[in-house]
Amino acid sequence: MNVLQDSLIELIRRTSAEIPDDVQRTILQALEREKQGTIAESAFQIIEQNIALAKQKSQPICQDTGSVLFYVDGPVGYDQIAFAEAGRAAVTQATKKGYLRQNSVDSLTGRNDGTNVGPGAPTFHFHQHRSAEIAVRLVLKGGGCENVGAQYSLPAEQLKADRDLDGCRKVILDAVLQAQGKGCGPGVLGVCIGGDRATGYEFSKTQLLRKLDDRNPVPELDRLEQDILKTANELGIGPMGFGGRTTLLGVKIRAANRVPASYFVSVSYMCWAFRRQGVMLDEQGSIQTWLY
Amino acid sequence: MIHLTAPFTEEKIRALKVGDAVEITGVLFTGRDAVHKYLAKGGELPPGVNLRDGIIYHCGPVVLKDAASQWKVVAAGPTTSIREEPYQAGIIEKFGVRGVIGKGGMGDRTLAACKASGAVYLHAIGGAAQVLAEKITAVRNVYLMDKFGSPEAIWELQVERFPVVVTMDAHGRSLHQEVFAASSAELAKRL
């Protein structure tokens, strides 16, 4: 058997069945904060039970096992073609084992061949670096939360959002308001300020690779992250949009340069069932350590 | 906790109120995007599917066949319901549906249909695929599998004490409208 392929199947299994520690800790804190006897509290209790049960049974936390997004950092000369082949085979195997739902549909014919492999599926994002390390991160992003993502072009007159950080704040909070419970809140926002439309969304998603308890090294972005988290949690949307004290679990923002004519703010929303894991691999493709 | 058991009569459904925590025992039929569009465009219900006084579950489960070739539900949480808003009211009225289970809530037309026909929207916990799969005691049948694929097929599921919350009732109340209005007002104070 292909060692790399086996490692990737294991990465998919664990990503689908186990919530990363940083996310689980944050959910527990949210449960403790919620008012007792409310439907918000019971929603969190079911979420807690579900996290434990999925791990114990080694089955998907959520039936929507989402878009399969690989982020691969490797040394110069690392064989990306071989990796992608192993990745596609691993996805097909993981689907047969029930770690992934048959979740990939031909957009023209509506046909679902049950393999999860097709044009653009799964998706690989490769990056080279100077070190010899091979890091593979995987995000399974469900459709409910993907559908509530939003991209704003500033100025946004209706929201009175100008081309400045206050304007960014207004549109990001609007995204939270519009999402309500539809993205399986409490959620985590990944945001990119700037870039073109495609890289803006791309960078908003890579913000979701950050741990929830890290802090942004850029002071103005750190302030914006903390402000949006606090403000969103004062809105009373709560888990599932039931009303309650926790609407967001985290906010992660980066900036990218823009052309003078464009000012995009791209927001990706991740559900509480935050499926994100990663591994360091050796040259043969064996798992050395887990990243989250 | 209210225990709602089949048959799901109009009387039982009209007694439910927004905010009620309910556990359902009986049969659910899954149906999501493809099924709703198909039915709304005049598609026929396959023989064996009866939605009168029935409950539709917006869900695309993960289902595998076990060693004895029996279907086994591996994961089965709700999908976002608002995508069915263009179709749901017509389907409730045409087929006599009494309950719609999903997540995220639905809009004005569905709320009006719930009031007119005596139906409710029942919110399951999104993402809780394992807790909810454990409440499914049997897969009774599957329909339209070849046409729509596994997640979009109609699965007939026997459930026991399946937990949901009433968020839209048959009296015109919607928790989703109320939370949206309250959170909009709170946000306006903070801009």
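Here the structure is a predicted model, which means the values were calculated and not measured. (Residues numbered from 1 in each chain as written. Chains lettered and ligands numbered in written order. Predicted model: local features only at pLDDT ≥ 70, side-chain atom pairs only at ≥ 80, totals over all residues. Heavy atoms only, no water.)

### Comments concerning the overall build of chain B
For chain B, the helix and strand inventory stands at seven helices and nine strands. What you see for chain B is a C-alpha radius of gyration of 16 Å, in line with the 16 Å of a compact globule of 191 residues. For chain B, the share of sequence-separated contacts (at least 6 apart) that also reach a separation of at least 24 residues comes to 63%. Carbon and sulfur atoms form 51% of the exposed surface of chain B, whose accessible area is close to 7,300 Å². Averaging the positions of the 22 positive and the 20 negative side-chain charges in chain B gives two centres separated by 2 Å. (Helix = DSSP H or I, 4+ residues; strand = E, 2+ residues; numbered from the N terminus. Rg over C-alpha atoms; globule rule 2.2 N^0.38 Å. Contact = heavy atoms within 4.5 Å. Areas by Shrake-Rupley, 256 points an atom, 1.4 Å probe, with all protein chains shown as cover. Lys, Arg positive; Asp, Glu negative; His and termini not counted. Charge placed at Lys NZ, Arg CZ, Asp CG, Glu CD.)

### As for the domain arrangement of chain A
Residue and element names in this part refer to chain A. Taken as a whole, chain A is organised into domain 1 (3–15 + 61–142 + 275–290) and domain 2 (144–270). Using C-alpha coordinates to define each centre, domain 1 is positioned 26 Å away from domain 2. Residue-level contacts link eleven residues of domain 1 with 14 residues of domain 2. Buried area between domain 1 and domain 2, summed over both chains or domains, comes out near 930 Å², and the portion from carbon and sulfur atoms is 60%. Taken as a group, Y71, K141 and R276 account for 58% of the area that domain 1 buries against domain 2, more than any other trio of residues on that side. If you look at where domain 1 meets domain 2, you find one salt bridge. Among the salt bridges present, the one from E146 reaches K141, with a minimum N-O distance of 2.5 Å. Mapped by element, the contributors of at least two residues to the side of domain 1 that touches domain 2 are β1 (67–75), β3 (134–141) and β8 (275–281). For the side of domain 1 that touches domain 2, the element with the highest residue contribution is β3, accounting for four residues. Across the side of domain 1 that touches domain 2, the residue classes break down as four nonpolar, two polar and five charged. (Domains from an automatic or database assignment. Buried area = accessible area lost by both parts, 1.4 Å probe. Salt bridge = Lys/Arg side-chain N within 4 Å of Asp/Glu carboxyl O. Nonpolar A, V, L, I, M, F, W, Y, C, P; charged D, E, K, R; others polar.)

### Considering the packing of helix α1 (residues 3–17) of chain A against helix α4 (residues 80–96) of chain A
Residue and element names in this part refer to chain A. In the contact formed by α1 and α4, the axes pass within 8 Å of each other and the chain directions differ by 50°. Taken together, the axes of α1 and α4 are oblique relative to one another. Crossing handedness for the pair α1 and α4: right-handed. Contact residues: α1 offers L4, Q5, L8, I9 and I12, while α4 offers F83, A86, G87, A89, A90, V91, Q93 and A94. (Axes fitted to C-alpha atoms, helices over the stretch in contact; angles between N-to-C directions. Parallel < 35°, antiparallel > 145°, perpendicular 65-115°, else oblique. Left-handed = near helix turned anticlockwise from the far one by under 90°.)

### Looking at the sheet that holds strand β9 (residues 287–290) of chain A
All names here are of chain A. Read from one edge to the other, the open sheet built from five strands follows the order β2-β1-β3-β8-β9, with strand pairing classed as mixed. Each edge of the open sheet carries a strand with a single partner, namely β2 (123–129) and β9. Between one strand and the next, the sheet's axes are offset by a mean angle of 20°, whatever the strand orientation. Across seven bridges, the pairing between β1 and β2 is parallel. (Pairing = 2+ DSSP bridges.)

### Quick notes on the packing of aromatic side chains
Remark: the centre distance and the inter-plane angle together describe each pair of aromatic rings, the angle taken between the planes. All chains considered together, the criterion is met by nine aromatic pairs over all chains. Considering the side-chain rings of F70(A) and F83(A), the 6.1 Å spacing of their centres and the 85° angle between planes classify their relative orientation as edge-to-face. With F70(A) in strand β1 and F83(A) in helix α4, the pair connects residues that are 13 residues apart, well separated along the chain. In this structure F70(A) comes out as buried when scored by relative accessible area, which is 0%. What makes F83(A) buried here is its relative accessible area of 0%. Measuring from ring centre to ring centre gives 5.0 Å for W71(B) and W155(B), while their planes differ by 85°; the resulting arrangement is edge-to-face. (Phe/Tyr/Trp six-rings, centres within 6.5 Å; stacked < 30°, edge-to-face > 60°. Buried < 20%, exposed > 50% of the residue type's maximum accessible area, 1.4 Å probe, protein only.)

### Points about the layout of surface pockets
The computed volume of the largest pocket comes to approximately 1,000 Å³. For the largest pocket, the lining is made up of 40 residues, of which N103(A), S104(A), V105(A), D106(A) and S107(A) are closest to its centre. Elements with a contribution of two residues or more to the lining of the largest pocket: β1 and α5 (143–147) of chain A together with α2 (33–40) and α6 (145–148) of chain B. Among the elements that take part in the lining of the largest pocket, α5(A) stands out by supplying four residues, more than any other. In terms of residue class, the lining of the largest pocket is built from ten nonpolar, 18 polar and twelve charged. (1 Å grid on protein atoms, 1.4 Å probe; cavity = no way out; pocket = protein on both sides within 12 Å on 5 of 7 lines; lining within 4 Å. Points joined across faces, edges and corners; volume = space filled by probe spheres on them.)

### Concerning the sheet that holds strand β6 (residues 248–255) of chain A
Residues and elements named next belong to chain A. On the basis of which strands lie adjacent, the open sheet formed by four strands has the order β4-β7-β5-β6 and mixed pairing. The open sheet has two edge strands with one neighbour each: β4 (150–153) and β6. Direction aside, the axes of adjacent strands within the sheet are offset by 15° on average. Where strand β5 (residues 187–193) lies against β6, seven bridges are found, and the strand directions are parallel. Among the inter-strand pairings, V191 is bridged to a residue of β6, identified as I253.

### Section: the nonpolar core
L189(A), V265(A), W272(A), I24(B), I101(B) and F162(B) are the most contacted members of the largest nonpolar core, which totals 100 residues. Here this core gathers at least three residues from each of two domains, domain 1 (3–15 + 61–142 + 275–290) and domain 2 (144–270) of chain A. Ranked by size, the runner-up nonpolar core spans 24 residues in total, among them V35(B), F95(B), V100(B) and I154(B). (Core = buried A, V, L, I, M, F, W, Y, C linked by side-chain atoms within 4.5 Å.)

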